[in-house]
Amino acid sequence: MPGKVILGAQWGDEGKGKFIDIFAAKADLVVRSQGGNNAGHTVVVGADKYKLQLIPSGILYPNCVNIIGPGVVVDPRNVLREIDGLTAKGVSCDKLYIDARAHCILPWHLELDALSEAEKAKDGTAIGTTKKGIGPTYMDKSERSGVRMHDFVDADRFETVIREACAYKNRVITGVYGAKPLDADAIIAEYRPYADRLRPMVRDTTILTYEAVKAGKEVLFEGAQGTLLDLDMGTYPYVTSSHPVAGGCCIGSGVGPTAIDSIMGIFKSYTTRVGEGPFPTELFDETGDYIRNAGGEFGTVTGRPRRTGWFDAVVARYAVRVNGLTDVVINKIDPLRGLDKLKVCVAYKLKNGQTITEFPANFMDLVDCEPVYEEFDGFDEDITGCRTWSELPASVQSYITALERIIGCPITMLGVGPARDQVMTIK
Ligand code: GDP
Ligand code: IMO
Ligand code: MG
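Residues numbered from 1 in each chain as written. Chains lettered and ligands numbered in written order. Predicted model: local features only at pLDDT ≥ 70, side-chain atom pairs only at ≥ 80, totals over all residues. Heavy atoms only, no water.

(A) Broad picture of the site of ligand 2. Contacts to ligand 2 come from 20 residues, most closely from Lys16, His41, Thr130, Gln225 and Thr240. One of the side-chain N or O atoms of Arg304 is found 3.0 Å from an oxygen atom in ligand 2. In isolation ligand 2 offers 550 Å² of accessible surface; the protein chains occlude 97% of this area. In terms of residue class, the shell around ligand 2 is built from seven nonpolar, 10 polar and three charged. (Near = heavy atom within 4 Å. Polar contact = N/O pair within 3.5 Å; in protein donor to acceptor, adjacent residues only side chain to side chain. Areas by Shrake-Rupley, 256 points an atom, 1.4 Å probe, with all protein chains shown as cover. Nonpolar A, V, L, I, M, F, W, Y, C, P; charged D, E, K, R; others polar.)

If you want it as structure tokens, here you go:
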């Protein structure tokens, strides 16, 4: 396994946390390389449910080193809350490290995320962000005015850095949005203890990751969000502000592409999306409600109902291509139980009458496009107890075999329930 990427191949929430947790049992190191606490990765172990946002999903294994890499954006208050929550449940965070280069999400980022969304909502162009300050923090990083972890935990510089950044952002908050300025003194008083607590965890994690790779240890790169939310490859502007595609793992963890041996893309057997933006196979009828309820499709971070629709193989083929997937997982098959027919979108018929099979670069092409479907028989059996291919009903086998043919990448694992053991390896 050395150098294995596990990433979301749709619009997020595919079940990455479950699969990272499963593979982390044999891993030495798990690294997150992008995003922040906009992610919500669920790991179910027996009766316990862990909803991890920033902390890598290898944290439940005491021997596994868990790294928040250079490309991640870190909300100090939130990560400490997460650490405290895990510690209270008896999970040790002693082997958790944060890269010195990671940028901090600070109160003005949260404020600006909310103000920008409210402004856009006026003309119906809001993104539907998680309001965790992700976009504004990555904006500051690109603008080269951000606060990095090494600045934040520097006891001598802390106050100056916060005061200067807050003053600059207050000019935007008051000048552009006409909102009230933030109180730098209050922020300094609240955040100084956070800096003190985080200081021992902050280091150059790229050395740890590199040494692990070099020594042939098992290293997992944990994707957050999903391919179609990628800043470049996703449905821009309805995307997140980082790079969930496979290439983002290298940039955001500080190791070269040669560190990676395999890239596993996680799909659900249907599609979901949270927030705004195009979604060609979205269902607005009772089948969409059925899938939402059966799959428990409500946001891990925001609690928002997820939009639901049929499996989109145009998206899937695109994800195989832009990530260079070596294999695919079809997760969450069990929620489809009870549906008479299962549909898979194989092409889009555009408004101008043209039919396309490649995912378009301009999301406007997707507006009012009509999905072209292939149809398969559904299943009525409870498959949550199945652990081998031969135990699956024939119609499920046909559905998976068809998906593999249509998307053109080996399907190696299936998910049939939220628990660690509700998976099967089929190749
Ligand atoms: P992630 O962000 O990709 O880690 O996924 P989330 O945790 O946000 O969302 C996946 C949800 O589906 C969680 O509530 C999981 O517990 C649940 N889940 C994961 N795999 C399965 C599965 O195979 N079947 C069912 N029914 N639920 C699953
Ligand atoms: P995991 O890792 C699903 C979506 C938001 C919004 C858009 C931009 O759990 O799969 P942001 O707050 O990032 O600026 O919001 O991206 N989004 C996610 N959707 N799963 C996620 O993470 C997401 N992280 C962000 O809903 O549409
Ligand atoms: Mg999630």
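(B) Quick look at the pattern of salt bridges. Applying the stated criterion across every chain yields a total of 24 salt bridges. Lys122 serves as the salt-bridge partner of Glu119, at 3.2 Å between the closest nitrogen and oxygen. Residue classification places Glu119 among the partly exposed positions, given a relative accessible area of 39%. Here Glu159 and Arg163 are joined by a salt bridge, their closest N and O atoms 2.8 Å apart. Here Glu159 pairs with Arg163, and both are found in helix α6 (residues 158-175), just four residues apart, close to one helical turn. Given a relative accessible area of 32%, Glu159 falls into the partly exposed group. When salt bridges that share partners are traced, they join Asp13, Lys268, Glu297, Arg306 and Lys332 into one network. (Salt bridge = Lys/Arg side-chain N within 4 Å of Asp/Glu carboxyl O. Buried < 20%, exposed > 50% of the residue type's maximum accessible area, 1.4 Å probe, protein only. Helix = DSSP H or I, 4+ residues; strand = E, 2+ residues; numbered from the N terminus.)

(C) Just the nonpolar core, in detail. Counting residues in hydrophobic clusters, the biggest one holds 54 residues, and the most contacted among them are Phe221, Phe267, Phe311, Ile330, Val344, Tyr399 and Ile400. If you tally residues by element for this core, the top one is helix α12 (residues 394-407), at seven residues. Mapping this core onto the domain boundaries places at least three of its residues in each of domain 1 (4-100 + 202-262) and domain 3 (267-425). Grouped together as the second largest cluster of nonpolar side chains are 45 residues, Val79, Leu80, Leu115 and Cys166 included. (Core = buried A, V, L, I, M, F, W, Y, C linked by side-chain atoms within 4.5 Å. Domains from an automatic or database assignment.)

(D) Spotlight on the site of ligand 1. Looking at ligand 1, there are 20 residues lining it, with Gly15, Lys16, Thr42, Lys332 and Asp334 nearest. Between Asp13 and ligand 1, the recorded distance is 3.0 Å, taken from a side-chain N or O atom to an oxygen atom. Here an oxygen atom of ligand 1 sits 2.8 Å away from a polar atom, N or O, in the main chain of Lys16. Here ligand 1 loses 93% of its free accessible area of 580 Å² to cover by the protein chains. At the level of secondary structure, the elements contributing two or more residues to the shell around ligand 1 comprise α1 (16-24) and β3 (41-45). Grouping the amino acids of the shell around ligand 1 by side-chain chemistry returns four nonpolar, nine polar and seven charged.

(E) The arrangement of unusual backbone geometry in detail. Cis geometry marks the peptide bond from Tyr236 to Pro237, where omega comes out at 5 degrees. Counting through the fold element by element, Pro237 comes out in the loop between β10 (219-222) and α9 (246-253). Look at Asp13: it is not a glycine, yet its phi comes out positive at around 60 degrees. Among the secondary structure elements, Asp13 is positioned in the loop between β1 (4-8) and α1.

(F) Looking closely at the coordination of the magnesium ion (ligand 3). Taken together, Asp13 (OD) and Gly40 (O) make up the protein donors of the magnesium ion (ligand 3), found 2.1 to 2.2 Å from the metal. In this pair, Asp13 is assigned in the loop between β1 and α1 and Gly40 in the loop between β2 (29-32) and β3, connecting sequence segments 27 residues apart. (Donors = N, O, S within 2.8 Å, 3.2 Å for Na, K, Ca; no water.)

(G) Spotlight on the pairing of β3. Relative to strand β4 (residues 48-52), β3 runs antiparallel, the two being bridged by five bridges. By the bridge assignment, Val44 is partnered in β4 with Lys49. Count of turn residues in the β3/β4 antiparallel hairpin: two residues, of which Gly46 carries a positive phi of about 60 degrees. (Pairing = 2+ DSSP bridges.)

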